[in-house]
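Fold and geometry: a report
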Amino acid sequence: MRTRLEKWSLLLSAAAVFVLPTVSSAQLSTSDIDTRLGTESHVGNITGHAKDAKGDYRRYCVGCHGPLGDGNGENAPYMQPPMYQQPRDFQLGIFKCRSTPTGTLPTDQDLYDAITRGFDRSNMPQWNTLSKQQRADLVAWVKHFSPRWVGEKPGTPIPIPPEPEVTAERIKAGRDVFARMQCWKCHGVQGMANGPSASTLQDDLGRPIAAFNFTDGTRPKCGDTDQDIYRIFMTGLDGTPMPSFADNIKPDEAWDLVFYLRTFMSQKSKEKEMAKQLALKPVDPNAPAGQQ
Amino acid sequence: MRNRHNLAVVLSAVVLVGCAALILSQGVNAAGEGKITGTVKLDGPAPHMKGIDMSKDPYCSKAHASDPAHYETYVAGANGGLANVVLYIDGWTGAAQASNAVLVFDQRNCMYTPHVLAMDTGESFKVQTSDQTAHNIHPNPNPMTGNIPWNQSQPPGSPPVEKSWKATEFIPVKCNIHPWMNGWFAVVKGPYATSDENGNFTINNVPPGNYTVTAWHEAAGTQTQKVTVAAGAAASANFTFKAK
């Protein structure tokens, strides 16, 4: 995983190459936002308080996410899509890493995990050096920018059944799910982010965005345990082209798909070994459905 | 006043439910309601709509092999009628509209049918796919309105997605897999209609009164017109848009 320093130097070298205007979506004023200073978060047995995070936000986050939380911090113009996404606009209340269905708010724990983990392939650093209380306070602070939390509750997390044992059969079945769901249209038949639709992808604000390349050694933004990957394709990454498959993939098939996705990844894994022994071929996008 | 109004709503709801079968089969207007009918025209020749290159997905290009697909920003009939214009009543304060049809937004031959789906706030609609290629259905409202974006995959054989919207808004819809697929959810309050390929429309179930009718087109903009609806009668409103 990239260190913070490496990320910042990436950022600075990006700055030297191009400068593009940021998309501005700031709509709320400070006085509106201030009405929600009482916002709390609940992470495990810790209660976070927005007003206690003011200083930390200024110190650590404002340069990217901006004083109004709209993602227009002074460093934002240097983050260039498609590879580097703009800082999140917290006013919109739209988040990528959720345990909850598409179109719903994430849980406090989801936000806490995202802040702790940071995003690989992104300028969003990891903040595991801050205390748990500081991070919980920051979660409340992030929430207070958006009026959505006043009237809406987070969605109900999608259930993740216990992970079964990996078998050759399951990996083969996972390949069928990958073919049937046509993940390859964006991610490519070998997971290299070069599917037929990859070059035209845009995020919700109309900025170019790259699909995830499973093979380049980077990790998914929303975590890289098997459970995280299961959650990613079931919930989708809101604000991006990555859709939710919760209505289309059954829990058992979802595990098969997780195992198959592992075979693309450069990290060593049981799945990768098994795929080699099976001599699994990539799916054939031109074959009729069912024979790919 | 307010109470009497509520009573009237409750009573007419009762009457409506009681006579639902009759009303549906005979198209009789309840409680002396009127309607607004008219035609939307395009001034001058229809702008040329670019053909769509679907070669990135052989399923889609095959589906249009004998009937090439075009963008649907302007769909004009032979008589200059303009289709896909949504007509509704500005500042509607009456009751929500009882939906008498299931609203369906179909992904068919890698296009949206209809291109514009009008609906009332809170009215449910279904998104379905008739295609043997995967789509994703991705409406992109402004979350500040109270309408929240979502994004669901639609591989072949997907069950329909059933949804509704909270707030009035013209919401663009797209498929990220097929970037030419663009459509609209036109969410309005109260009775509405969408102009057909000849530009004709009828807004049904309008109680007698004075109204401002708004006509919205995705590219040509909006126009308004004042109309007076008499009990059981049809008021007329005609619009002419200039292509932009």
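Residue positions are given per chain, counting from 1 as you read along its sequence in written order. Chains carry letters and ligands carry numbers; both start at the beginning, A for chains and 1 for ligands, and go up in the order they are written. The predicted origin of the model limits local features to residues at a pLDDT of at least 70 and limits the giving and counting of side-chain atom pairs to 80 or more, whereas totals for whole chains, interfaces and linings rest on all residues. Side-chain figures throughout are based on the complete set of non-hydrogen atoms in the structure, without hydrogens or water.

Looking now at the side chain of A:Gln182. Strands are runs of DSSP state E lasting at least two residues, helices are runs of H or I lasting at least four, and both sets are numbered from the N terminus onward. Looking at the secondary structure, you find A:Gln182 in the loop between α7 (168-181) and α8 (184-187). Here A:Lys185 takes part through its side chain, which lies 2.5 Å from a polar atom of the side chain of A:Gln182. We define a polar contact as two N or O atoms separated by no more than 3.5 Å, with the added condition that, inside protein, one atom must be a possible hydrogen donor and the other a possible acceptor, whereas residues neighbouring each other in sequence contribute only through side-chain atom pairs. Separated by 2.8 Å, the side chain of A:Gln182 and the backbone nitrogen of B:Ala134 make a polar contact. Note on contacts: a residue pair is in contact if any heavy atoms of the two residues lie within 4.5 Å. Setting aside its immediate chain neighbours within four residues, A:Gln182 contacts A:Val177, B:Gln132, B:Thr133, B:Ala134 and B:Pro156.

Before going further, it helps to spend a moment on the confidence of the model for chain B. Atomic detail in the predicted coordinates should be set aside for any region of low pLDDT. All names here are of chain B. For chain B, per-residue confidence averages 88 on the pLDDT scale, and residues scoring 70 or more make up 86% of the total. Confidence per residue, as judged by the predictor, is encoded in pLDDT with a range of 0 to 100. A low-confidence stretch, residues 7-29 (pLDDT under 50), is modelled with 8 contacts involving residues beyond four sequence positions or located in other chains. Note on the complex model: pTM 0.89, ipTM 0.88.

Let's shift gears to the state of the cysteines. When two cysteine sulfur atoms lie within 2.5 Å, the pair is treated as a disulfide. Evaluation of the coordinates by the stated rule reveals 2 disulfides over all chains. Between the sulfur atoms of B:Cys60 and its disulfide partner B:Cys110 the distance amounts to 2.0 Å. Between B:Cys60 and B:Cys110, the S-S dihedral sits near -75 degrees, and the bridge is therefore left-handed. One end of the pair, B:Cys60, is in helix α3 (residues 58-63); the other, B:Cys110, is in the loop between β3 (103-108) and β4 (111-113), and 50 residues separate them in sequence. With respect to burial, B:Cys60 and B:Cys110 carry one shared label: buried. With no disulfide of its own, A:Cys186 has B:Cys175 as its nearest cysteine by sulfur position, at a separation of 8.4 Å. Throughout, exposure labels follow a simple rule: accessible area from a 1.4 Å probe, protein chains only, divided by the maximum for the residue type, with under 20% read as buried, over 50% as exposed, and the rest as partly exposed. Note on A:Cys186: relative accessible area 14%, which makes it buried.

Each nonpolar core is a collection of buried residues, namely Ala, Val, Leu, Ile, Met, Phe, Trp, Tyr and Cys, held together in the definition by side-chain atoms within 4.5 Å. In this structure, A:Phe178, A:Phe233, A:Ile249 and A:Leu261 are the most contacted members of the largest nonpolar core, which totals 59 residues. Mapped onto this core, the elements with two or more residues apiece are α3 (54-65), α4 (108-117), α5 (132-144), α7, α9 (226-235) and α10 (251-264) of chain A. At 8 residues, α10(A) tops the list of elements feeding residues into this core. Residues from two domains meet in this core; each of domain 1 (32-151) and domain 2 (168-278) of chain A gives at least three. Ignoring sequence-local partners within four residues, the contact set of A:Phe233 consists of A:Met242, A:Pro243, A:Ser244, A:Phe245, A:Ala246, A:Ile249, A:Ala254, A:Leu257, A:Val258 and A:Leu261. Core analysis: the next-biggest nonpolar cluster, separate from the first, contains 30 residues, A:Ala211, B:Phe105, B:Met111 and B:Tyr112 among them. Domain segmentation is taken from an automatic or database assignment of domains.

For the rest of this paragraph, the subject is the side chain of B:Ser195. Residue and element names in this part refer to chain B. Counting through the fold element by element, Ser-195 comes out in the loop between β12 (192-194) and β13 (200-206). Separated by 2.7 Å, the side chain of Ser-195 and the backbone oxygen of Leu-82 make a polar contact. When sequence neighbours within four positions are dropped, the list of residues in contact with Ser-195 reads Val-40, Leu-82, Ala-83, Asn-84, Val-85, Leu-87, Asn-200 and Phe-201.

Quick look at empty space enclosed by the protein now. Throughout, the protein atoms alone are placed on a 1 Å grid, and a set of points is a cavity if a 1.4 Å probe fits but cannot get out or a pocket if it is open with protein on both sides within 12 Å along at least five of seven lines; lining residues have an atom within 4 Å of a point. Grid points are joined across faces, edges and corners, and a volume is the space filled by probe spheres set on the points. The tally for this structure, following the rule as stated, stands at 2 cavities of 30 Å³ or more. Of the voids in this model, the largest cavity is the one considered here, and its volume is about 600 Å³. Around the largest cavity, the lining comprises 36 residues; the ones closest to its centre are A:His187, A:Ala211, A:Phe212, A:Leu237 and A:Met242. Those elements that place two or more of their residues in the lining of the largest cavity are α8, α9 and α10 of chain A together with β7 (135-139) of chain B. In terms of residues, the lining of the largest cavity owes the most to one element, α9(A), which gives 3 residues. Here the term charged refers only to Asp, Glu, Lys and Arg, the term nonpolar to Ala, Val, Leu, Ile, Met, Phe, Trp, Tyr, Cys and Pro, and the term polar to all other amino acids, Gly among them. In terms of residue class, the lining of the largest cavity is built from 26 nonpolar, 7 polar and 3 charged.

Another point: the packing of aromatic side chains. For Phe, Tyr and Trp, rings pair up if their centres lie within 6.5 Å, where Trp contributes its six-membered ring, and each pair is then called stacked (planes under 30 degrees apart), edge-to-face (over 60) or tilted (otherwise). Applying the stated rule across the entire model yields 24 aromatic pairs over all chains. When the centroid spacing of 6.1 Å and the interplanar angle of 25 degrees are considered together, the rings of A:Phe90 and A:Phe145 count as stacked. Here A:Phe90, found in the loop between α3 and α4, pairs with A:Phe145, found in the loop between α5 and α6 (148-151); they are 55 residues apart in sequence, far enough to count as distant. Just as A:Phe90 is buried, A:Phe145 falls in that class too. Here A:Phe178 and A:Phe264 contribute two aromatic rings whose centre-to-centre distance is 5.3 Å and whose plane-to-plane angle is 65 degrees, an arrangement assigned as edge-to-face. With A:Phe178 in helix α7 and A:Phe264 in helix α10, this residue pair connects regions lying 86 residues apart in the sequence. The pair A:Phe178 / A:Phe264 is uniform in exposure class, with both members buried. An aromatic cluster of three or more residues is present, and its members are A:Tyr57, A:Phe90, A:Phe95, A:Trp141, A:Phe145 and A:Trp149. Look at NZ for Lys and CZ for Arg. If either is within 6 Å of the ring centre and within 35 degrees of the ring normal, a charge sits over the ring. Over the ring of B:Trp150 we find B:Lys163; its NZ or CZ atom is 4.7 Å from the centre of that ring.

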